[in-house]
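Descriptive analysis of the structure
Below are the chains, spelled out letter by letter.
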Amino acid sequence: MNKPRFVRRALAGVAVAAALFSQTAAFADITLGYQTGIDPTKVPQADGTYEKVIGEKLDWRRFNSGPEVIAAIASGDVQLGNIGSSPLAAATSRGLPIVAFIVSAQINSAEALVVRNGSKIEKPEDLVGKTIATPFVSTSHYSLLGALKHWKIDPAKVKIVNLNPTEIAAAWRRGDIDGAFVWSPALGEIKKSGKVLTDAAEVGQWGAPTFEVWVARKDFAEKHPDVIAKFARVSLDSFADYNAHKAQWTADSEQVKKIARLTGADPKDVPELLAGSAFPETQAQLSSALLGGGTAKDIAGTAAFLKEQKRVPSVLKDYSPYVSAEYVRQAESVQVGQR
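Residues numbered from 1 in each chain as written. Predicted model: local features only at pLDDT ≥ 70, side-chain atom pairs only at ≥ 80, totals over all residues. Heavy atoms only, no water.

**A few points about the overall build of the chain**
Under the convention used in this document: A run of DSSP states H or I qualifies as a helix once it reaches four residues; a run of E qualifies as a strand once it reaches two. Both are numbered from the N-terminal end. Only C-alpha atoms enter the radius of gyration; for comparison, a globular chain is expected to reach 2.2 Å times N to the power 0.38, where N is the number of residues. Working definition: with a 1.4 Å probe on protein chains only, accessible area under 20% of the residue-type maximum means buried, over 50% means exposed, and in between means partly exposed. Residues are treated as being in contact if the distance between any of their heavy atoms lies within 4.5 Å. Method for areas: the Shrake-Rupley scheme with a 1.4 Å probe, in which residue coverage is limited to the protein chains shown. Note that His is not counted, nor are the chain ends; the positive residues are Lys and Arg, and the negative ones are Asp and Glu. Just so you know, the charge point we use is NZ for Lys, CZ for Arg, CG for Asp and CD for Glu.
For the chain, the helix and strand inventory stands at 17 helices and 11 strands. For 339 residues, the compact-globule formula gives about 20 Å, and the C-alpha radius of gyration of the chain, at 19 Å, lands near that figure. Within the chain, the fraction of its 339 residues that count as buried is 56%. Once local pairs closer than 6 in sequence are excluded, the contacts in the chain between residues at least 24 apart make up 81%. Carbon and sulfur atoms form 49% of the exposed surface of the chain, whose accessible area is close to 13800 Å². Of the charged side chains in the chain, 40 are positive and 36 negative, and the gap between their average positions amounts to 6 Å.

So, in structure tokens, the structure goes:
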């Protein structure tokens, strides 16, 4: 499988972007790259809470996949971005100066491999010769390769095609693909006429866990630590609110309607999709399992797998410089009006 052109451009530009980072001056506005994953932070995003707490104008830009976000960060167009563990490992392995400052989701059933009804795929071995779509160098791609490895299926014997979530939903409707490993809102749509063969939770138990983080360009984080801490505070508050009131986040709740409007998901699918991930609060973030050391180790494990799959040329000895718990610690002292 060849890397898609936009991924090659993004990764090839990392070295050049790194040299330019140190020359970056002030930012007129703060630009954030977000994706369509279903998570509680979409509520304060929709409400404008991030702007109120940070006190700055925020330019929210929607992207279809983590590699697209990485490309925008590398070019200097985006200062903060939401990406998955696979594009995070690929970018840091190539030295892109970014820092993961909060784990935004521990992915379980929120990403899954769904096979079409009538595709004659009943068991893993039936994937051989079938067309399976996933966004390349994404967490879903990583999970798909991890599942194939567990099942001892050569990826070369499966026709794996690179499509973003929107393209996957369209290809599914046309009948062009037999299955897909993807996230919401495409996941919710394709599940209506397909069945789940495995999901990220099960693949994680097989040794390939996936997660999502918010990252910042290192130069921006160093110049504006207060912005990062305030962003973390609002995010952590949204996690706490969801975790404490899950039963109230129903399809007809205002929270779910806001998430659906931002992501394009069907409100009826959102509660189940939310339940498909874990959203760690402050103490969990600071623990040795996450920002206290575990996240860096998980990035290293992901990078090692990507190297094995010839997705990255080498693995760093230490990924801890690309992870910081400091901003979550600072977030504890941030005062938010309604808190």
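**Thoughts on the UniProt feature "domain: Solute-binding protein family 3/N-terminal" (unreviewed entry) in the chain**
Keep this limit in mind: UniProt positions are given in the numbering used here, feature names are shortened, and annotations may be inferred rather than shown by experiment.
What UniProt calls "domain: Solute-binding protein family 3/N-terminal" (unreviewed entry) maps, in this numbering, to residues 29-253. Annotation note: span residues 29-253, helix share 40%, strand share 24%, distance between end C-alpha atoms 32 Å.

**Considerations on the confidence of the model for the chain**
For clarity, the threshold we go by: Confidence of the predictor at the level of single residues is given by pLDDT, which spans 0 to 100.
Predicted confidence across the chain gives a mean pLDDT of 91, with 91% of residues reaching 70 or more. Scored below 50 in pLDDT, residues 1-10 shows 21 contacts in the model against residues more than four places distant or in partner chains. pLDDT under 50 marks residues 14-27. Its contacts with residues more than four places away, or in other chains, come to 20 contacts.

**Here we look at the pairing of strand β8 (residues 179-182)**
Put simply, the rule is: Pairs of strands are assigned from DSSP output, requiring at least two bridges between the strands.
Burial along β8 is two-sided: G179 and F181 facing one way and A180 and V182 facing the other are all buried. Bridge analysis of strand β5 (residues 112-116) against β8 gives 4 bridges, and the strand direction is antiparallel. Considered in β8, the bridge of V115 is made with G179. Sheet topology note: the strand β6 (residues 131-134)/β8 ladder contains 2 bridges and is parallel.

**Digging into the side chain of Q35**
Where we set the bar: Any pair of N or O atoms that falls within 3.5 Å is considered a polar contact. Within protein, one atom must be able to donate a hydrogen and the other to accept it, and sequence-neighbouring residues count only if both atoms are side-chain atoms.
With respect to the helices and strands, Q35 occurs in the loop between β1 (30-34) and α3 (42-47). In this structure Q35 comes out as buried when scored by relative accessible area, which is 8%. For Q35, the side chain forms a polar contact with the main-chain nitrogen of G66, separated by 3.4 Å. Within the structure, Q35 has its side chain in polar contact with the backbone oxygen of N82 (distance 2.8 Å).

**Brief notes about the sheet that holds strand β3 (residues 80-84)**
Overall, mixed pairing links the 6 strands, which are arranged β2-β1-β3-β10-β4-β11 in an open sheet. The sheet terminates laterally at β2 (58-62) and β11 (277-278), the two strands that pair on one side only. Relative to strand β10 (residues 211-217), strand β4 (residues 98-107) runs antiparallel, the two sharing 7 bridges. Opposite A100, over in β10, you have V215 as the bridge partner.

**Overview of the packing of aromatic side chains**
Note the threshold: Between 30 and 60 degrees the pair is tilted, below 30 it is stacked and above 60 it is edge-to-face, where a pair is any two Phe, Tyr or Trp rings, Trp via its six-membered ring, whose centres lie within 6.5 Å.
Per the counting criterion, the structure on display carries 13 aromatic pairs. Considering the side-chain rings of Y34 and W60, the 6.2 Å spacing of their centres and the 75° angle between planes classify their relative orientation as edge-to-face. One end of the pair, Y34, is in strand β1; the other, W60, is in strand β2, and 26 residues separate them in sequence. For W60, a relative accessible area of 18% gives the class buried. When the ring of W151 is compared with that of W206, the centres are 5.7 Å apart and the planes differ by 70°; the resulting orientation is edge-to-face. One end of the pair, W151, is in the loop between α7 (139-150) and β7 (159-162); the other, W206, is in the loop between α10 (200-205) and β10, with 55 residues separating them in the sequence. For W151, a relative accessible area of 16% gives the class buried. For W206, a relative accessible area of 29% corresponds to the partly exposed category. Connected via pairs of aromatic rings, a cluster forms that spans Y34, Y50, W60, F101, W214, F231 and Y327.

**Structural notes on the nonpolar core**
Selection criterion: Throughout this description, the term nonpolar core refers to a set of buried Ala, Val, Leu, Ile, Met, Phe, Trp, Tyr and Cys residues connected via side-chain atoms within 4.5 Å.
Counting 107 residues, the largest nonpolar core has L80, F101, L127, W214 and F231 as the members making the most contacts within it. The leading source of residues in this core is helix α12 (residues 225-244), at 9 residues. Contacts of L127, omitting those with residues within four sequence positions, involve L113, V115, I121, I132, L148, W151, V158 and L197.

**Comments concerning helix α16 (residues 294-308)**
In an α-helix, one turn spans 3.6 residues; hence positions three or four apart end up facing the same way. Put simply, the rule is: One fewer than the residue count of a helix, multiplied by 1.5 Å, yields its expected span.
Under the 1.5 Å per step criterion, the end-to-end length of α16 is 21 Å for 15 residues, consistent within 8% with the ideal 21 Å. For α16, the full list of buried residues reads G294, T295, A296, I299, T302, A303, F305 and L306. Against α6 (85-93), β4, α7 and β10 lie the buried residues of α16. Looking one or two places after α16, you find K310, whose phi comes out positive at around 65°.

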